[in-house]
Amino acid sequence: MPMIANADALLKPLTIRGVTFRNRVMSTSHAPGYGQDGKPKERYQLYHEEKAKGGIGLTMFGGSSSVSADSPATPWNQIAVTDDSVIPYFQEFAERIHRHGAKLMIQLTHMGRRTKWDTDQWLPVMAPSVRREPASRSLPKAMEQEDIDRVIADFAQAARRCKEGGLDGFEISGAHGHLLDQFWSPDVNKRTDRYGGSLENRMRFGIEVLRAMREAAGDDLLIGMRMSGDELYAQGLSQEECVAIASEYARQGLVDFLNILGGQARDDMAHAVSLPNMAFPVAPFLHLASAIKREVDVPVFHAQRVTDLATAARAVAEGHVDMVAMTRAHIADPHLVRKLSEGREDDIRQCVGAGYCIDRIYVGGDALCLQNAATGREATMPHVIAKADRQKKIVVVGAGPGGLEAARVCAERGHQVVLFERSGEVGGQINIAAKGTWREALSGIPRWLLSQIRRLNVDLRLNTEATAALIQAEQPDTVIIATGGLPNPGHIPGAEHIISSWDILTGRVQPAGSVLLYDEMGQHNAASVAEVMSQRGALVEFVTHDRMIAQEVGTTNQPVHLRELYKLGVILSPNLELMEVYREGNRLVAVLRNTMTDAEEERVIDQVVADFGTLPVEDTYFALKEQSSNHGVTDLPSLLQGTSQADAQTGHFSLFRIGDAVAGRNIHAAMYDALRLCKDL
């Protein structure tokens, strides 16, 4: 039986207009970047099918699925519902989800000004008025009546395709600054005709869209609307206006449900707020959904950083919402509902709010979970690990994320696993990263992995230096080296004067006086260190050779770092390369080169802290390499094809290394290395 309070509220069915959802847990429409040719093909379907297998009540797909040619799907590999060629894919998709007892819906939209003109058909973007959006950087044309009529007809045809495709319903997007809420917004809509001016007039376009869609879809298909409960922007829609819009659309019977969120996405910071990461509290905008639920007589859905089942259950049990979305939580663990119903809450891999999934999308990548390498790779990577044909003895060296995942997967396979860790705790570099102010939630990754290897009876040996002799004494069939990395000291003259970012985060060195922080990696590390040092009283200048601070950090995280750095008074200096550090009296001099002009300048400071990435800890690997039957070589064709590595010769062992023990990368890379190697051992 479930152990969390109010679990029964989550597991209770919900019926809307004759459609019954088996529970109150859902995944909202989002943009994983899995679309192909504007269609939800196999990869897209398998990703959602895993959630259906995992017990979810409703899974929604196609965040920003386009209804018109001038709202292109290309920028984020999304779905185009612009012609009938998509219908067979919908039918296949619906059958795949329905066979597991879940329901399937899509989000339909016209992006208006929130898209690109220089893609797909190279058509100009449109909006109610000529108002440029900072995020998309597009300058729209003001829509004429003919444009309005055409887009309404396009919405209606998209609704028909959803019906013929066998979907259970759809929602239209009036959130994140799409065309519908561009008409609502007093900041974007400056029209003087019947679509502009008063709130009543600004609601007109959406009303006409929904009426046309209902006529095309009929009475059986559910129609909902995703919208903000408060745009949290002085020139945008207030909470009072959002409540009024929701109430009017519900009163007129235009929607069967409302899906409420907080904020909007007109610029970088607004986008980060509307997709809250680990810097935000859990469920920060639940109160906005609750306020609208008090005023309408249709079911209310909500999503935004609801990462744990206890919070989700409370939201439903206390009547704040009728259905709660755990979208990123399902990216971390698509089987969380099934585990809840089976009383296995401790086995749920909880989302830590890293934002890695979303950040990848906005640089043209696909959504991948920082800690679950199977998500999005369901065709080749298992969420449930199959047992091996025969048991092996496997030794894993290093209990960072890669080593922990290797131990977990091998133990799930039924192997006898010994895991050596030279320190007194598991987690590796995550333990250091988690010391960076608002990044503490990363510690949830090794905490879950530790609970799993304990459940699986992995022989964990902490405070043990795994020498070659100690490893060989175990008589292993396979040895996996996951020893991680150590700070790269850099290659510049005077590197001996430089303090590593690790020394600061671990507290081995305290920042003092004026500090020059140099970042060669552009990731979270240096930004976190800058925040920590500034909070401890240092005067920090953040220098990087990149064009901007934390250049490799994505859209849900970089703005939060920048917000904190500005608040703390950190000096931000991009386009400067650290060339040399030398001592002058009791202070240091840092020589910097402008990467654009080659001009050199100097800083006289008390400390220089730098992040040059990591170098692999590889001594154990090389000590074992000649004794191994494969000489430490991973058979890449077998790895990539998903077949087993060759068994070790009699009396020998196979040797592999993964993660930063090979080359400095990230948590996801280490865990993916572990999963795709070990699932076939």
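- In the annotation of an unreviewed UniProt entry, the entry for the protein reads NADH-dependent flavin oxidoreductase, and the organism field reads Granulibacter bethesdensis.
- Within the UniProt record for the protein, the comment given under Sequence similarities (unreviewed entry) is "In the N-terminal section; belongs to the NADH:flavin oxidoreductase/NADH oxidase family."

1. A word on the side chain of Asp366
(1) Moving on: Mapped onto the elements of the fold, Asp366 is located in the loop between α14 (356-361) and β13 (393-397).
(2) Moving on: Engagement of the side chain of Asp366 in a polar contact is seen with the side chain of Arg43, the distance being 2.7 Å.
(3) Moving on: Within the local environment of Asp366, its side chain forms a polar contact with the side chain of Arg360, the two groups lying 2.5 Å apart.
(4) Moving on: Dropping the residues within four chain positions of it, Asp366 is found in contact with Pro32, Gly33, Tyr34, Arg43 and Arg360.

2. Concerning the sheet that holds strand β23 (residues 587-594)
(1) Moving on: Taken in spatial order, the three strands of this open sheet run β22-β23-β24, and their pairing is antiparallel. Either end of the sheet is taken by a strand with one partner, and the two such strands are β22 (576-584) and β24 (600-605). Neighbour to neighbour, the strand axes of the sheet diverge by 25° on average, direction disregarded.
(2) Moving on: Relative to β24, β23 runs antiparallel, the two sharing six bridges.

3. Brief notes about the pattern of salt bridges
(1) Moving on: Overall, the coordinates contain 48 salt bridges when judged by the stated rule.
(2) Moving on: With a shortest N-O distance of 3.0 Å, Lys293 and Asp322 are connected by a salt bridge. With a gap of 29 residues between them, Lys293 in helix α10 (residues 286-293) and Asp322 in the loop between α11 (309-317) and β12 (323-325) connect regions that are remote in the sequence.
(3) Moving on: Residue Lys293 is classed as partly exposed on the basis of its relative accessible area of 24%.
(4) Moving on: In the salt-bridge network here, residues are joined through shared partners; they are Asp70, Lys141, Glu144, Asp147, Arg150 and Asp154.

4. Digging into the pairing of strand β20 (residues 539-544)
(1) Moving on: With respect to burial, β20 is a largely interior element, five of its six residues being buried.
(2) Moving on: Summarising the sheet, strand β19 (residues 514-519) and β20 pair through six bridges and their orientation is parallel. From the neighbouring strand, Leu517 faces β20, where its bridge partner is Phe542.
(3) Moving on: Read from β19 through helix α20 (residues 524-535) to β20, the crossover connection turns out right-handed.
(4) Moving on: Bridge count for β20 against strand β21 (residues 571-573) is three bridges, and the pairing is parallel. The partner of Val543 across the bridge, within β21, is Ser573.
(5) Moving on: With helix α21 (residues 558-567) bridging β20 and its parallel neighbour β21, the resulting β-α-β unit is right-handed.

5. Some thoughts on the domain arrangement of the protein
(1) Moving on: Per the domain assignment, the segments making up the protein are domain 1 (7-363), domain 2 (393-484 + 617-679) and domain 3 (487-615).
(2) Moving on: Relative placement of domain 2 and domain 3: their C-alpha centres are 32 Å apart.
(3) Moving on: Contacts between the two partners involve 11 residues from domain 2 and, on the opposite side, 14 residues from domain 3.
(4) Moving on: Looking at the side of domain 2 facing domain 3, the largest losses of area belong to Ile432, Thr437 and Trp438, adding up to 51% of the total buried there.
(5) Moving on: Counting every contact that joins domain 2 to domain 3 gives three residue pairs in polar contact (both at pLDDT 80 or more).
(6) Moving on: Per-class residue counts for the side of domain 2 that touches domain 3 are three nonpolar, five polar and three charged.

6. What to know about the sheet that holds β20
(1) Moving on: Pairing within the open sheet is parallel, and its five strands lie in the order β18-β25-β19-β20-β21. Edge positions in the sheet fall to β18 (498-500) and β21, since each has one partner strand and no second. Across the sheet, the mean angle from the axis of one strand to that of its neighbour is 25°, orientation sign disregarded.

7. Observations concerning the layout of surface pockets
(1) Moving on: The calculated volume of the second largest pocket comes to roughly 470 Å³.
(2) Moving on: In terms of lining, the second largest pocket is formed by 25 residues, of which the most central are Asp308, Ile348, Arg349, Gln350 and Cys351.
(3) Moving on: Contributions of two or more residues to the lining of the second largest pocket are made by α11 and α17 (444-455).
(4) Moving on: If one sorts the elements of the lining of the second largest pocket by residue count, α17 sits on top with four residues.

8. Focus on the side chain of Asp70
(1) Moving on: Of note, Asp70 is situated in the loop between β4 (58-66) and α3 (87-98).
(2) Moving on: Separated by 2.7 Å, the side chains of Asp70 and Arg150 make a polar contact.
(3) Moving on: The contacts of Asp70, once residues within four sequence positions are left out, are His110, Thr115, Leu123, Pro124, Met126 and Arg150.

9. Some thoughts on the packing of aromatic side chains
(1) Moving on: Going through the model one piece at a time under the given rule, you end up with 13 aromatic pairs.
(2) Moving on: Between Phe183 and Phe205, the aromatic rings sit 4.4 Å apart at their centres with planes inclined by 20°, giving stacked as the arrangement. Taken together, the positions of Phe183 in helix α5 (residues 179-184) and Phe205 in helix α7 (residues 204-217) put the pair 22 residues apart, joining distant regions of the chain.
(3) Moving on: Consider the rings of Trp184 and Tyr249, whose centres lie 5.8 Å apart with planes at 85°: the pair is edge-to-face. Taken together, the positions of Trp184 in helix α5 and Tyr249 in helix α8 (residues 239-251) put the pair 65 residues apart, joining distant regions of the chain.
(4) Moving on: Given the relative accessible area of 0%, Tyr249 is considered buried.

10. Details of a negative patch on the surface
(1) Moving on: Judged by side-chain charge, Glu580, Glu584, Glu600 and Glu602 come together as a negatively charged surface patch.
(2) Moving on: The set of elements that each furnish at least two residues to the negative patch consists of β22 and β24.
(3) Moving on: In this fold, Glu602 is placed in strand β24.

Definitions and cut-offs
Residues numbered from 1 in each chain as written. Predicted model: local features only at pLDDT ≥ 70, side-chain atom pairs only at ≥ 80, totals over all residues. Heavy atoms only, no water. UniProt positions renumbered as here; feature names shortened; annotations may be inferred. Helix = DSSP H or I, 4+ residues; strand = E, 2+ residues; numbered from the N terminus. Polar contact = N/O pair within 3.5 Å; in protein donor to acceptor, adjacent residues only side chain to side chain. Contact = heavy atoms within 4.5 Å. Pairing = 2+ DSSP bridges. Axes fitted to C-alpha atoms, helices over the stretch in contact; angles between N-to-C directions. Salt bridge = Lys/Arg side-chain N within 4 Å of Asp/Glu carboxyl O. Buried < 20%, exposed > 50% of the residue type's maximum accessible area, 1.4 Å probe, protein only. Right-handed = clockwise from strand over helix to strand, strands pointing away. Domains from an automatic or database assignment. Buried area = accessible area lost by both parts, 1.4 Å probe. Nonpolar A, V, L, I, M, F, W, Y, C, P; charged D, E, K, R; others polar. 1 Å grid on protein atoms, 1.4 Å probe; cavity = no way out; pocket = protein on both sides within 12 Å on 5 of 7 lines; lining within 4 Å. Points joined across faces, edges and corners; volume = space filled by probe spheres on them. Phe/Tyr/Trp six-rings, centres within 6.5 Å; stacked < 30°, edge-to-face > 60°. Patch = residues over 30% accessible without salt bridge, like charges linked within 9 Å, V, L, I, M, F, W, Y side chains within 5 Å. Areas by Shrake-Rupley, 256 points an atom, 1.4 Å probe, with all protein chains shown as cover. Lys, Arg positive; Asp, Glu negative; His and termini not counted. Charge placed at Lys NZ, Arg CZ, Asp CG, Glu CD.

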